[in-house]
Amino acid sequence: MSECPACSGEGDEMGKLGLILWQRCRACGMEFSQRVSKAPGLVIGQTYTYEQIKAEWGGHFANDIELPVSIQAYVDKGALKKVKGGWECIG
Ligand SMILES: [Zn+2]
(Lines give C-alpha, C1' and ligand atoms only; values in the text may rest on other atoms or scores of the structure.)
Protein backbone atom coordinates (compact mmCIF):
# COMPACT_ATOMS: atom_id res chain seq x y z
CA MET A 1 0.00 0.00 0.00
CA SER A 2 1.41 3.40 -0.85
CA GLU A 3 0.52 7.05 -1.21
CA CYS A 4 -1.47 8.42 -4.13
CA PRO A 5 0.77 10.57 -6.34
CA ALA A 6 -2.09 13.05 -6.94
CA CYS A 7 -3.58 13.67 -3.51
CA SER A 8 -1.46 11.70 -1.02
CA GLY A 9 -4.48 9.54 -0.20
CA GLU A 10 -4.11 5.92 0.72
CA GLY A 11 -3.82 3.40 -2.12
CA ASP A 12 -5.84 0.20 -2.14
CA GLU A 13 -4.04 -2.73 -3.75
CA MET A 14 -5.96 -4.11 -6.75
CA GLY A 15 -3.47 -6.69 -7.85
CA LYS A 16 -0.09 -7.43 -9.26
CA LEU A 17 0.77 -7.95 -12.92
CA GLY A 18 4.30 -9.17 -13.27
CA LEU A 19 6.41 -6.75 -11.30
CA ILE A 20 3.80 -3.97 -11.38
CA LEU A 21 1.48 -3.45 -8.44
CA TRP A 22 -1.74 -1.62 -9.34
CA GLN A 23 -3.45 0.49 -6.73
CA ARG A 24 -6.52 2.74 -6.53
CA CYS A 25 -6.60 5.79 -4.30
CA ARG A 26 -9.24 5.61 -1.57
CA ALA A 27 -9.58 9.41 -1.54
CA CYS A 28 -9.72 10.43 -5.24
CA GLY A 29 -10.11 7.14 -7.09
CA MET A 30 -7.06 7.58 -9.29
CA GLU A 31 -5.38 4.39 -10.38
CA PHE A 32 -1.63 4.24 -10.19
CA SER A 33 1.05 1.63 -10.41
CA GLN A 34 4.28 0.93 -8.68
CA ARG A 35 7.10 -1.36 -9.62
CA VAL A 36 7.69 -3.98 -6.98
CA SER A 37 10.98 -5.57 -6.21
CA LYS A 38 12.28 -9.00 -7.10
CA ALA A 39 12.65 -9.25 -3.33
CA PRO A 40 9.24 -10.41 -2.07
CA GLY A 41 7.09 -7.75 -0.43
CA LEU A 42 9.63 -4.93 -0.66
CA VAL A 43 9.17 -1.64 -2.49
CA ILE A 44 11.85 -0.21 -4.77
CA GLY A 45 13.41 2.96 -3.42
CA GLN A 46 12.83 2.18 0.22
CA THR A 47 15.42 1.24 2.80
CA TYR A 48 14.71 -1.54 5.24
CA THR A 49 16.31 -2.49 8.53
CA TYR A 50 16.96 -6.10 9.40
CA GLU A 51 13.93 -5.97 11.70
CA GLN A 52 11.68 -4.75 8.87
CA ILE A 53 12.87 -7.44 6.48
CA LYS A 54 12.47 -9.99 9.22
CA ALA A 55 8.91 -8.78 9.82
CA GLU A 56 8.14 -9.10 6.09
CA TRP A 57 9.90 -12.41 5.49
CA GLY A 58 10.22 -13.89 8.98
CA GLY A 59 7.31 -16.27 8.61
CA HIS A 60 9.04 -17.99 5.68
CA PHE A 61 12.07 -19.09 7.64
CA ALA A 62 12.46 -21.73 10.25
CA ASN A 63 15.33 -19.98 12.00
CA ASP A 64 17.36 -16.79 12.22
CA ILE A 65 20.23 -18.21 10.16
CA GLU A 66 18.38 -18.61 6.84
CA LEU A 67 17.18 -15.00 6.71
CA PRO A 68 20.60 -13.26 6.39
CA VAL A 69 21.57 -15.84 3.74
CA SER A 70 18.41 -14.97 1.83
CA ILE A 71 19.03 -11.24 2.14
CA GLN A 72 22.51 -11.82 0.68
CA ALA A 73 20.98 -13.83 -2.17
CA TYR A 74 18.81 -10.83 -3.11
CA VAL A 75 21.85 -8.53 -2.81
CA ASP A 76 23.59 -10.84 -5.30
CA LYS A 77 20.55 -10.68 -7.63
CA GLY A 78 20.66 -6.88 -7.60
CA ALA A 79 17.37 -6.46 -5.74
CA LEU A 80 18.91 -5.09 -2.55
CA LYS A 81 21.92 -2.95 -1.80
CA LYS A 82 23.63 -2.80 1.59
CA VAL A 83 23.47 0.74 2.95
CA LYS A 84 24.07 2.34 6.32
CA GLY A 85 21.47 1.03 8.73
CA GLY A 86 20.01 -1.65 6.46
CA TRP A 87 19.33 -2.54 2.85
CA GLU A 88 17.99 -0.34 0.08
CA CYS A 89 15.63 -1.99 -2.34
CA ILE A 90 16.97 -1.18 -5.82
CA GLY A 91 15.42 -3.61 -8.21
ZN1 LIG B 1 -5.69 10.26 -4.64
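Just so we're clear, the structure is a prediction, and the values are computed from it rather than from any experiment. (Residues numbered from 1 in each chain as written. Predicted model: local features only at pLDDT ≥ 70, side-chain atom pairs only at ≥ 80, totals over all residues.)

Considerations on the pairing of strand 3 (residues 31-35)
Moving residue by residue along a regular strand, the side chains alternate between the two faces of the sheet. Which entries qualify depends on this criterion: Should DSSP find at least two bridges between two strands, the strands are taken to pair. Secondary structure elements follow DSSP: runs of H or I of four or more residues count as helices, runs of E of two or more count as strands, with numbering from the N terminus.
One ladder, built from five bridges, connects strand 2 (residues 20-25) with strand 3; its direction is antiparallel. Looking across to strand 3, one finds that Trp-22 is bridged to Ser-33. Counted between consecutive antiparallel strands, the loop separating strand 2 from strand 3 contains five residues, among which Gly-29 sits at a positive phi close to 85°.

Side note on the domain arrangement of the protein
For clarity, the cut-off: An automatic or database domain assignment is the source of the domain bounds shown.
Under the domain assignment used here, the protein contains domain 1 (1-36) and domain 2 (47-89). Between domain 1 and domain 2, the C-alpha centre-to-centre distance is 25 Å.

Concerning the sheet that holds strand 5 (residues 80-83)
The three strands are arranged 4-6-5 in an open sheet whose pairing can be described as antiparallel. Looking at strand neighbours, the two that pair on one side only are strand 4 (47-48) and strand 5, the edges of this open sheet. Sheet topology note: the strand 5/strand 6 (residues 86-89) ladder contains four bridges and is antiparallel. Looking at the pairing, Lys-81 lines up with Glu-88 of strand 6.

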